[in-house]
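Given next are the chains, with one letter for each unit.
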Amino acid sequence: MHTKPRARRGRDVLVVGGGVVGLVTAWRCAQRGLSVTVADPEPGRGAAHVAAGMLAAVTELQYGEQTLLGLNLASARRYPSFTEELEDASGLSTGYRACGTLAVALDADDRAELRELHAFQSALGLESVWLTGRECRRLEPMLAPGVRGGLRVEGDHQVDPRRLAAALLRAGERAGVDFLRQPAGRLSVVADRAAGVVLADGSAVPADQVVLAAGCRSGLLEGVPEEALPPVRPVKGQVLRLRVPAPFAPFLSRTVRAVVRGGHVYLVPREDGELVVGATTEETGHDTAVTAGGVYELLRDAHELVPGITELPLTEALAGLRPGSPDNAPLLGRTALPGLLAATGHHRNGILLTPVTGDLMAEIVTGGDPEQALPFSPARFSRAPGARPEAQLTRPEGPGARPEEPHTLTEGVPSR
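Peer 1: In this structure, what is going on with the nonpolar core? I would like to understand it.
Peer 2: Across soluble globular proteins, you tend to see nonpolar side chains buried next to one another. By size, the foremost hydrophobic cluster in this structure holds 47 residues, and its most contacted members are Leu 164, Leu 168, Val 211 and Ile 351. Among the secondary structure elements, those contributing two or more residues to this core are β1 (11-16), α1 (20-31), β2 (36-39), α2 (66-90), α5 (161-174), β18 (340-344) and α7 (354-365). Counting residues per element, this core draws most heavily on α1, which supplies 8 residues. If we skip the residues at most four places from it in the chain, Val 211 touches Val 13, Leu 14, Val 15, Val 16, Thr 25, Leu 341, Ala 343, Met 361 and Val 365. Core analysis: the second largest hydrophobic core is formed by 26 residues, Leu 242, Leu 267, Ala 302 and Leu 312 among them.

This is how it looks when you write it as structure tokens:
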């Protein structure tokens, strides 16, 4: 006998997507006394499962992204108190490490690019220190002899995204968040207002407000009017995980990044002996296949940077999808459809922006209009008839400024 899907009781907030952005939004909203449900078949997975967890507001600075830099720095400042509160609430470690970052160059061209970045950072008042190749190797003896120079950024730290996601999931459960472990199938719209979703099994979940936080799939939910769809795309990133045996420890003491023949590679050492190497940037749609070429490129560049890496056991190779937006900045706030909000498009900064995203979204859901969120409103990409979406938050400026290059995205990829 066929049973009709049962109707669920209404909630104050329904979050579509259980990655770190959806989880922190749900947790912060629940802390404000709201009834919250998260719809996701595997909460705590997604891009965070692949991400390396670099909190690199300064070393990942890009020309033309000064407004985004302000949000990144604000979130980085929150991290110590945020992780302390989250660990107390969940009883789980987040793997947060205040270890700093070293960015190095291996040839003259890459050194010139890094010097240019240093000048740009200095012009913006950011703290970074130029080091000679010898000074870089003194800090990290495993570096290749050919290192030509580098930047030490003591304020760029790291967190373990898998532990972060697990802690947010536990904290949400303890705060009363209801988790429905299946995908949302369609947005419910009643009287021109978002009113919940219909799940894949056909059951309706009514809610006063719906938050789209499904990463690069946030624009795929059926039933969302075109003018309210967030313009996010998947940007693929392949990442490797290696194990540092006891005789090789400590292999690296901090996150090390490098410009290698114009490309970028990073190595993130965990306290538990894991070493994360990443990440490719590929515009291949929703494909998450690990490729021989991707693995080869990462190992080749990492070997040029740290030759001893070839002695380490390779434990995992994964690919994930970052949620990219047209200007590389997140969409935070109300969409063109009343009752529908977006928290997506964080691209390579999803892990870094987790603390500030949770705070801002909780404030917006409860009726606030935080000034910090205004530049990141989904309205900047309005698809209403005759509207002209903004191309980016700020025009490129500074040394070597150049226009944005075409994007390549992947889902579940390191937000770095």
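Peer 1: How do you make sense of the environment of Glu 316 when you look at a structure like this?
Peer 2: Mapping Glu 316 onto the fold places it in strand β16 (residues 314-324). Owing to a relative accessible area of 22%, Glu 316 belongs among the partly exposed residues under this scheme. Put simply, Glu 316 and Leu 240 are 76 residues apart on the chain and 5.8 Å apart in space, counted from C-alpha to C-alpha. Not counting chain neighbours up to four residues away, the residues in contact with Glu 316 comprise Arg 162, Val 239, Leu 240 and Arg 241. Side-chain polar atoms of Glu 316 contact the side chain of Arg 162, separated by 3.1 Å.

Peer 1: What is the right way to look at the packing of α2 against α7 in this model?
Peer 2: If you want to describe how two helices pack, look at the angle between their axes and the distance between the axes. It is the contact of α2 with α7, at a shortest axis distance of 7 Å, that shows an interaxial angle of 95°. As the angle between them shows, α2 and α7 are arranged roughly perpendicular. Of the residues in α7, those touching α2 at Leu 71, Ser 75, Arg 78, Tyr 79 and Phe 82 are Thr 354, Pro 355, Val 356, Asp 359 and Leu 360. Within the contact of α2 with α7, the residues separate by chemical class into 6 nonpolar, 2 polar and 2 charged.

Analysis parameters
Sequence order as written defines residue numbering, which begins from 1 separately in each chain. Confidence filtering applies because this is a predicted model: local features only for residues at pLDDT of at least 70, side-chain atom pairs given and counted only at 80 or more, and all residues used for totals across whole chains, interfaces and linings. Only hydrogens and water are removed before side-chain values are computed, so all heavy atoms of the structure are retained for them. What is meant by a nonpolar core is a set of buried Ala, Val, Leu, Ile, Met, Phe, Trp, Tyr and Cys residues, joined one to another through side-chain atoms within 4.5 Å. Residue burial is assigned from relative accessible area. The probe radius is 1.4 Å, only protein chains are included, and a residue is buried under 20% of its type maximum, exposed over 50%, and partly exposed in between. Secondary structure elements follow DSSP: runs of H or I of four or more residues count as helices, runs of E of two or more count as strands, with numbering from the N terminus. We call two residues in contact when some of their heavy atoms are within 4.5 Å. By the criterion applied in these results, polar contacts are pairs of N or O atoms within 3.5 Å in which, for protein atoms, one can donate a hydrogen and the other can accept it, and in which residues neighboring in sequence qualify only through two side-chain atoms. Between N-to-C directions, angles span 0 to 180 degrees; the directions come from axes that are lines fitted to C-alpha atoms, helices contributing only their stretch in contact. Oblique is the label for any angle not under 35 degrees, not over 145, and not in the 65 to 115 range, which are roughly parallel, roughly antiparallel and roughly perpendicular in turn. In this count, Pro and Cys sit with the nonpolar residues alongside Ala, Val, Leu, Ile, Met, Phe, Trp and Tyr, while Asp, Glu, Lys and Arg are called charged and the others, Gly among them, polar.

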